[in-house]
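Coordinate analysis (summary)
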Amino acid sequence: MKLSTKGRYGIKAMIDLAVRYDSGEKLSTSQLAEMQCVSAAYLEQLIGSLRKAGLVVGSRGSQGGYSLSRSPELISVGDVLKALEGTTALVDCVGTEGTECTKVCSCSTRPLWLKLQRRIDDVLDSTTIRDMADDYKIQTERITELQ
């Protein structure tokens, strides 16, 4: 599995929203894009996918912007990646979509790929956006202390 920029920037955006979740602060796509150093148009695409998946909500107006649809401890990294990447499968034969491989039942390497896939999914599904946001806060505090 190789994450695209969609997955990487999408998780970062979700962490930025999680850091502000308790305060109720909303962020615009331009604010999020500036924080991520990506174009607002690109981030708007990511937010659209996250909205469609029910992970973020948006509101219009002077106090508008985006926020998480629910508490960050209820959103897993796996939820975000599935919304943005579609799948986290290492190889096609372990994904949720049907495989066209005719050797699925007799493949000597498939048991390894299945084992790896289960471990990856366990980590992604048990790590929440709150976990990531808490780690990020600690990391930024350490950087501030060093300066």
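We now turn to the structure provided with this report. Model, not experiment: these values are computed from the prediction.

Core analysis: the biggest nonpolar cluster contains 26 residues, and Met-14, Leu-43, Leu-50 and Val-80 have the highest contact counts within it. Taken together, the elements giving at least two residues each to this core come down to α1 (5-19), α2 (29-36), α3 (40-52), β2 (65-68), α4 (77-85) and α6 (129-146). The leading source of residues in this core is α1, at six residues.

A pair can form between side chains of opposite charge whenever their charged atoms are brought close. Tallying each qualifying case throughout the model produces four salt bridges. The salt bridge partner of Arg-20 is Glu-25, with a shortest N-O separation of 3.8 Å. Of the charged contacts, one joins Glu-73 and Arg-130 as a salt bridge, the two residues approaching to 2.9 Å between their closest N and O atoms. Placement of Glu-73 in the loop between β2 and α4 and of Arg-130 in helix α6 is noted, with a sequence separation of 57 residues between them. Judged by its relative accessible area of 40%, Glu-73 is partly exposed. What emerges from the salt-bridge pattern is a single network uniting Asp-22, Glu-73 and Arg-130.

With that settled, consider the layout of surface pockets. The gaps left among the atoms become clear once a water-sized probe is rolled over them. In this structure, the largest pocket spans a volume of roughly 190 Å³. In terms of lining residues, the largest pocket is bounded by Lys-12, Ile-15, Asp-16, Met-35, Gln-36, Met-132, Asp-135, Tyr-136 and Gln-139. Of all the elements in the fold, those that place two or more residues in the lining of the largest pocket are α1, α2 and α6. For the lining of the largest pocket, the leading source of residues is α6, giving four residues. Counted by class, the lining of the largest pocket contains four nonpolar, two polar and three charged residues.

This next bit is on unusual backbone geometry. Backbone geometry at Cys-37 places phi at a positive 60°, although glycine is not the residue there. For Cys-37, the location among the structural elements is in the loop between α2 and α3.

In this section: the packing of α3 against α4. Relative to each other, α3 and α4 sit at 115°, their axes nearing to 9 Å. Relative to α4, α3 is oriented so that their crossing is right-handed. Facing Leu-46, Ser-49 and Leu-50 of α3, the residues of α4 in contact are Val-80, Ala-83 and Leu-84.

Cut-offs applied
- Residues numbered from 1 in each chain as written.
- Predicted model: local features only at pLDDT ≥ 70, side-chain atom pairs only at ≥ 80, totals over all residues.
- Heavy atoms only, no water.
- Core = buried A, V, L, I, M, F, W, Y, C linked by side-chain atoms within 4.5 Å.
- Buried < 20%, exposed > 50% of the residue type's maximum accessible area, 1.4 Å probe, protein only.
- Helix = DSSP H or I, 4+ residues; strand = E, 2+ residues; numbered from the N terminus.
- Salt bridge = Lys/Arg side-chain N within 4 Å of Asp/Glu carboxyl O.
- 1 Å grid on protein atoms, 1.4 Å probe; cavity = no way out; pocket = protein on both sides within 12 Å on 5 of 7 lines; lining within 4 Å.
- Points joined across faces, edges and corners; volume = space filled by probe spheres on them.
- Nonpolar A, V, L, I, M, F, W, Y, C, P; charged D, E, K, R; others polar.
- Axes fitted to C-alpha atoms, helices over the stretch in contact; angles between N-to-C directions.
- Left-handed = near helix turned anticlockwise from the far one by under 90°.
- Contact = heavy atoms within 4.5 Å.

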